[in-house]
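# Commentary on secondary and tertiary structure
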Amino acid sequence: MHKELEIGFKENTLVEESNSYFSTIGFLNNFISFDEASKCTNGTIFDIVGILVNVKPSMGKGSKKRREIVLINEMVDRKTVTLLNDFSEIDDQVLQKLIDEKPVVAACDVRKTSYRGSFSIYTTYVSSIMINPKFEKAIIALQKWHGYKKAKNIDISLLPSIQLKNAREVKIEDIKDDSFDNNEDTYFKFNARIKDIMNKDEPWYSSCKKCYKKVDVISNNLFCFVNCYYI
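Residues numbered from 1 in each chain as written. Predicted model: local features only at pLDDT ≥ 70, side-chain atom pairs only at ≥ 80, totals over all residues. Heavy atoms only, no water.

### A word on the confidence of the model for the protein chain
Condition: On a scale of 0 to 100, pLDDT captures the predictor's confidence in every residue. Any two residues having at least one pair of non-hydrogen atoms within 4.5 Å are treated as being in contact.
In the predicted model, the protein chain carries a mean pLDDT of 77, and the fraction of residues at 70 or more is 79%. Low pLDDT, under 50, characterises residues 25-29; the stretch is placed with five contacts to residues that sit more than four places away or in other chains.

### Digging into the nonpolar core
How we decide: Nine residue types can take part in a nonpolar core, namely buried Ala, Val, Leu, Ile, Met, Phe, Trp, Tyr and Cys, and a core is a set of them joined through side-chain atoms within 4.5 Å. A simple rule labels every residue: compare its accessible area, found with a 1.4 Å probe on the protein chains alone, to the largest value its type can have, and call it buried under 20%, exposed over 50%, or partly exposed in between. For helices the rule is a DSSP run of H or I covering at least 4 residues; for strands it is a run of E covering at least 2, with both sets numbered from the N terminus onward.
Formed by 19 residues in total, the largest nonpolar core has its most connected members in Phe46, Ile48, Leu52, Ile69, Leu71, Val81 and Ile121. At the level of elements, α1 (34-38), β1 (45-55), β2 (66-72), β3 (78-84), α2 (92-101), β4 (104-115) and β5 (118-131) are the ones that each hand at least two residues to this core. At four residues, the largest contribution of residues to this core is made by β1. In contact with phenylalanine 46, other than residues within four places in its own chain, are Ile32, Ala37, Cys40, Ala107, Cys108, Asp109, Val110, Lys112 and Ile121. Grouped together as the second largest cluster of nonpolar side chains are 15 residues, Ile51, Phe135, Leu142 and Leu159 included.

### Some remarks on the environment of valine 104
Position of valine 104 relative to the elements: it lies in strand β4. For the pair formed by valine 104 and isoleucine 131, sequence separation is 27 residues and the distance between their alpha carbons is 6.0 Å.

### Quick look at the pairing of β1
When a strand is regular, its side chains alternate between the sheet's two faces. Here is the rule we go by: For two strands to be treated as a pair, DSSP must find at least two bridges joining them.
Counted residue by residue, β1 has 10 buried out of 11 residues, so it is predominantly covered. As paired strands, β1 and β2 are joined by four bridges and run antiparallel to one another. Following the sheet pairing, isoleucine 51 is matched in β2 by isoleucine 72.

### Digging into the environment of cysteine 108
Residue position: cysteine 108 is located in strand β4. With relative accessibility at 10%, the residue cysteine 108 sits in the buried group. In sequence terms cysteine 108 and isoleucine 45 are 63 residues apart; their C-alpha atoms lie 8.5 Å from each other. Excluding anything up to four places from it in sequence, cysteine 108 contacts Phe31, Phe46, Asp47, Ser127, Ser128 and Met130.

What follows is the structure, given as structure tokens:
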């Protein structure tokens, strides 16, 4: 079946229970790793699975409402999945309980988009989100890995990501240099000592109504120079 289509049941549809045994291993072909997803072309629709470690507050209103969740796999690779429209309206208390339990989450029929070398994952109108799905990859790989870490009192949400492990070590002066290569999003790491905290009494900022990035205040007007130049 085409990934953009879904099955619809009508009044004359007949559904019968089958006594035949079948394996779900064949369904695993639809699920790909985070690394495989990163190599897909823009707009590709696929299925991924990971352990839920973070849920961010919902943003926007109406048809632009969205919420981001963070999944982690057994390679300690983290990926953000943006839940759009109805998927973003899950009750906050339910989400907090889910974070505490760190369940396996399968995101099916999600779409990839790329920006500046890094990719993002969004739900589509045919997407489905499953909590603790009963298929082999979730049970054998992710749940076993999570159980092993939990038995050793290791919080998987605090593990250093694969991006941080592979990050190139640099000096702060290198990053501040205008000639520093920043054509695409890249991970770097450096050692430093915190000397002061800006806005420590007011840890928030004014954001753009369109992209939610920090805005600059010029002559009592707000300007977004990061993404969309929105006033």
